Amino acid sequence: MRERKKRRPCRSMLYMPGNNPGMMQHVPAFGADSVLLDLEDAVAEREKDAARRLVSHFVKEIDFGGVIVTVRVNGADTPYFEDDLEEIIPARPVAVRVPKCHSPEDVKHADAIISRIEKDHGMPLGEVRIHAMLETAHGIEHAFDIARASERVEALTLGGQDLTADMGVQKTRDGVELFYARGRVVMAAKAAGLMAFDTVWTDIEDTEGLKNEAKLAAQMGFTGKAAIHPMQIDAIHEAYRPDPRELRRAFRIVDAAEQAEREGKGVISVDGRMVDGPIVVRAFSLIELGHLYGIDEEVGL
């Protein structure tokens, strides 16, 4: 597998129907960090073949202006799964989102097909990543094993709508029914060194509900949150805005870490507290996130 590149902040992932060229050509204008070109739920069965070719063309030919491009393919339990991969992988999206991952075997199955396609097209092995979508109770309970099923897995994502249906409960505004699943997905992803993405907020008119849920996702450790409409992006980004005081401390941590490295010291402290490796990594992430909001300039750094 190739060496993993440094991750860009990915607070928002905007779903976009794979059969809508009018929207796809304007992706950079929506302001999302990432776009999810959808071949699954957003596309009717009679349009699957056309949408697959259209998405492949756009991924190959269109400049998305730095927006991270992921394609959600149809599930392995459908007749479209392998055709989707055959068409999409050579187009070289950053990742494919594989829905309804129930077990590690689902990921290994996808990985084997993708590896064969990459080889057939002379691509580096592991170039296209997998975002494993967990949307069943069985999948949630196997989250860590799914995360570790292949080096190709880059993220775990929570599919709240199908999961609540599988649980036999209603998705509520406060999302209490998903609290365990969210924690399980985040913890499994972090333990495996992966990203974690939260499920969508489906009520486009309820901005306050979205803000609350996005804030919860950020507090719980999700890397980002999926959106179903461009109007939802600002609320999601606001939930991930770093606190200026926390950002100032992040700069002090990075300065101390760099000085310790120059002096060959293995232990550092900032503001009277010991600082270890994960805290330094988080400090770098906060600084990078702060650049997106211009907060480093606001706090005079």
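Now for a look at the structure at hand. (Residues numbered from 1 in each chain as written. Predicted model: local features only at pLDDT ≥ 70, side-chain atom pairs only at ≥ 80, totals over all residues. Heavy atoms only, no water.)

**Structural notes on unusual backbone geometry**
Put simply, the rule reads: Each helix corresponds to a stretch of at least 4 residues labelled H or I by DSSP, and each strand to a stretch of at least 2 residues labelled E; elements are numbered beginning at the N terminus. Burial status follows relative accessibility: with a 1.4 Å probe on protein chains alone, a residue under 20% of its type maximum counts as buried, one over 50% as exposed, and anything between as partly exposed.
For Lys100, which is not glycine, the phi torsion reads 50° and is therefore positive. Position of Lys100 among the secondary structure elements: in the loop between β4 (95-98) and α5 (104-120). Of the residues examined, Lys100 reaches a relative accessible area of 26% and is grouped as partly exposed. Backbone geometry at Asp271 places phi at a positive 55°, although glycine is not the residue there. Mapped onto the elements, Asp271 comes out in the loop between β9 (268-270) and β10 (273-275).

**With respect to the pattern of salt bridges**
The criterion, for reference: Think of a salt bridge as a Lys or Arg side-chain nitrogen and an Asp or Glu carboxyl oxygen that are within 4 Å of each other.
Here the structure, examined in full by the defined rule, presents 27 salt bridges. Across the pair Arg245 and Asp243 runs a salt bridge whose closest N-O atoms are separated by 3.2 Å. Arg245 gets classed as exposed once you look at its relative accessible area, which sits at 62%. With relative accessibility at 29%, the residue Asp243 sits in the partly exposed group. The shortest N-O distance in the salt bridge between Arg252 and Asp271 comes to 2.9 Å. Here Arg252 is found in helix α12 (residues 244-263), whereas its partner Asp271 is found in the loop between β9 and β10, with 19 residues between them in sequence. According to the relative accessible area criterion, Arg252 is partly exposed, its value standing at 38%. Salt bridges linked by common partners bring Asp38, Glu40, Asp41, Arg72, Lys100, Glu135 and Asp162 together as one network.

**Regarding the packing of aromatic side chains**
What counts is decided by this rule: Geometry of aromatic contacts follows a simple scheme: Phe, Tyr and Trp rings, the Trp one being its six-membered ring, pair when their centres are within 6.5 Å, and the pair is stacked under 30 degrees between planes, edge-to-face over 60, tilted otherwise. Two limits define a charge over a ring: the Lys NZ or Arg CZ must be within 6 Å of the ring centre, and within 35 degrees of the ring normal.
This structure, assessed with the given rule, holds zero aromatic pairs. Taking the ring centre of Tyr80 as reference, the NZ or CZ of Lys48 above it sits at 5.6 Å.

**Some details on the sheet that holds strand β5 (residues 129-134)**
Rule in force here: In short, DSSP must find at least two bridges between two strands for them to pair. To obtain an axis, a line is fitted to C-alpha atoms, over the contacting stretch when the element is a helix, and the angle between two such axes runs from 0 to 180 degrees between their N-to-C directions. Residue contacts are defined here by distance: any two heavy atoms, one from each residue, within 4.5 Å place the two residues in contact.
Taken together, the eight strands give a closed barrel; going around it, the order is β1-β2-β3-β4-β5-β6-β7-β8, and neighbouring strands pair in parallel fashion. The average angle at which neighbouring strand axes cross in this sheet is 25°, direction not considered. Bridging between strand β1 (residues 12-17) and strand β8 (residues 224-227) involves three bridges; their strand directions are parallel. Directly across from Leu14, in β8, lies its bridge partner Ala227. Each of β4, β5 and β6 (153-158) is contacted by α5, which is oriented at about 155° to β5, the strand it contacts most.

**Some details on the pairing of β1**
Here β1 lies mainly inside the structure; five of its six residues are buried. Sheet topology places β1 next to strand β2 (residues 34-38); five bridges connect them, and they run parallel. Across the sheet, Leu14 pairs through a bridge with Val35, a residue of β2.

**Looking at the side chain of Glu118**
To keep it simple, the criterion reads: Definition of a polar contact: a pair of N or O atoms within 3.5 Å, with one able to donate and the other able to accept a hydrogen when the atoms are protein atoms, and with sequence-neighbouring residues admitted only if both atoms are side-chain atoms.
Looking at the secondary structure, you find Glu118 in helix α5. Note on Glu118: relative accessible area 0%, which makes it buried. A distance of 3.1 Å separates the side chain of Glu118 from the backbone nitrogen of Glu127, its partner in a polar contact. Discounting chain neighbours no more than four positions away, the residues touching Glu118 are Ile89, Met123, Pro124, Leu125, Gly126, Glu127, Val128 and Arg152.

These figures come from the coordinates and say nothing about function on their own.
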